[in-house]
Amino acid sequence: MDKYTEQRIKKLHPSVRNEVKNIIEECNKALTGKAKIRITQGLRTFKEQDDLYNIGRTKKGKKLTRAKGGQSIHNYGFAVDICLIIDNKQASWDTLKDWDNDQVADWFECVKIFAKFGWNWGGNWKNFKDLPHFEKKGYNDWRKLSKLKKDENDYVIL
Ligand SMILES: [Zn+2]
């Protein structure tokens, strides 16, 4: 597992850290070496989310998100975005490529493993597909999450 992925897992909600570690390890095993999975984003603070929301609105650029601070599952540490790292150097968001030649696209091998652990894939959304995105089932309603109390480290108390 690469060090960026490891660092990002450590900032996820404490209740899913071990699980995500296991998912990543299982994905890397399934991909057999050429492609490795990397978490590009896990926890995002409310402030970081607001900054993102402002792009294309009060700041220059194309709109990136419809979620303000508190309205993304990333803000609670229950979502991750991934990419694949090919031959330990090049990042890829190709969801169709079969790097390990087992007749299943590597990205879909990861989707299946996430699903087995109870994580929804943004690629299954009807309106706005988010192919790199996964979120934990049962914790993917920001309205509910936003009502929970937080601990001293700013994680919601389940
Ligand atoms: Zn995401």
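In this convention, every chain numbers its residues from 1, walking through the sequence in written order. The predicted nature of this model means local features are confined to residues of pLDDT at least 70 and side-chain atom pairs, given and counted, to a pLDDT of 80 or more, with totals for whole chains, interfaces and linings taken over all residues. Here the side-chain values reflect all heavy atoms present in the structure, with hydrogen atoms and water set aside.

We now examine the layout of surface pockets. Reported here for the largest pocket is a volume of approximately 680 Å³. Around the largest pocket, the lining comprises 23 residues; the ones closest to its centre are Thr65, Ala67, Trp125, Phe128 and Asp130. For the lining of the largest pocket, the class distribution of residues is eight nonpolar, eight polar and seven charged. Of the voids in this model, the second largest pocket is the one considered here, and its volume is about 160 Å³. Cavities and pockets are defined on a 1 Å grid built over the protein atoms alone: a cavity is a set of grid points where a 1.4 Å probe fits but cannot escape, while a pocket is an open set with protein on both sides within 12 Å along at least five of seven lines, and lining residues are those with an atom within 4 Å of any such point. Contributing to the lining of the second largest pocket are Gln7, Arg8, Lys11, Thr40, Gln41, Gly42, Leu43, Thr45 and Glu48. Elements represented by at least two residues in the lining of the second largest pocket include exactly helix H1 (3-9) and strand S1 (35-41). Grid points are joined across faces, edges and corners, and a volume is the space filled by probe spheres set on the points. Following the grouping adopted for this structure description, the nonpolar residues are Ala, Val, Leu, Ile, Met, Phe, Trp, Tyr, Cys and Pro, the charged ones are Asp, Glu, Lys and Arg, and the polar ones are all others, Gly among them. Helix and strand definitions here come from DSSP, where helices need a minimum of 4 consecutive H or I residues and strands a minimum of 2 consecutive E residues; each element is numbered from the N-terminal end.

Before going further, it helps to spend a moment on the nonpolar core. The biggest cluster of nonpolar side chains holds 30 residues, and the ones touching the most others in it are Val20, Ile37, Leu84, Phe114 and Phe134. Every element with two or more residues in this core is listed here: helix H2 (17-31), S1, strand S2 (79-86), helix H4 (106-116) and strand S4 (119-121). Nonpolar cores are built from buried Ala, Val, Leu, Ile, Met, Phe, Trp, Tyr and Cys residues. Side-chain atoms within 4.5 Å join them into one set. Type-normalised accessible area, obtained with a 1.4 Å probe on protein chains alone, sets the label of each residue: buried when under 20%, exposed when over 50%, and partly exposed for intermediate values.

Now for the packing of aromatic side chains. Here a pair means two rings of Phe, Tyr or Trp (six-membered ring of Trp) with centres within 6.5 Å. Their orientation is stacked below 30 degrees between planes, edge-to-face above 60, and tilted elsewhere. Within this structure, the stated rule accounts for five aromatic pairs. Look at Phe108 and Trp121: their rings are 5.4 Å apart centre to centre, the planes differ by 80°, and that puts the pair in the edge-to-face class. Of this pair, Phe108 sits in helix H4 while Trp121 is found in strand S4, placing the two residues 13 residues apart along the sequence. Assessed through its relative accessible area of 8%, Trp121 is described here as buried. Chaining the aromatic ring pairs together yields one cluster made of Phe114, Trp119 and Phe134. The rule for a charge over a ring is simple: NZ of Lys or CZ of Arg within 6 Å of the ring centre, and within 35 degrees of the ring normal. The residue whose ring lies beneath Arg57 is Tyr53, and the NZ or CZ to ring-centre distance is 3.8 Å.

A separate point is the pairing of S2. On any regular strand, side chains alternate: one points to one face of the sheet, the next to the other face. With eight of eight residues buried, S2 lies mostly within the body of the structure. Pairing of S2 with strand S5 (residues 133-136) involves three bridges; the strand directions are antiparallel. Bridged to Val80 within S5 is Phe134. Inspection of the sheet shows S2 paired to strand S3 (residues 90-92) by three bridges, in the antiparallel sense. Looking at the pairing, Ile85 lines up with Ala91 of S3. Each pair of strands is called paired provided DSSP finds at least two bridges between the two strands.

The donor definition counts N, O and S atoms within 2.8 Å of each metal and applies 3.2 Å to Na, K and Ca; water is not among these atoms, so some sites may look incomplete. Only His74 (NE2), Asp81 (OD) and His133 (ND1) from the protein reach the zinc ion as donors, at distances of 2.0 Å. Each donor residue of the zinc ion belongs to the same chain, and together they define the spacing H-x6-D-x51-H. In this pair, His74 is assigned in the loop between helix H3 (46-54) and S2 and His133 in strand S5, connecting sequence segments 59 residues apart. We note that His74, like His133, is buried.

Everything listed here is a matter of coordinates, which is why it stays silent on function.
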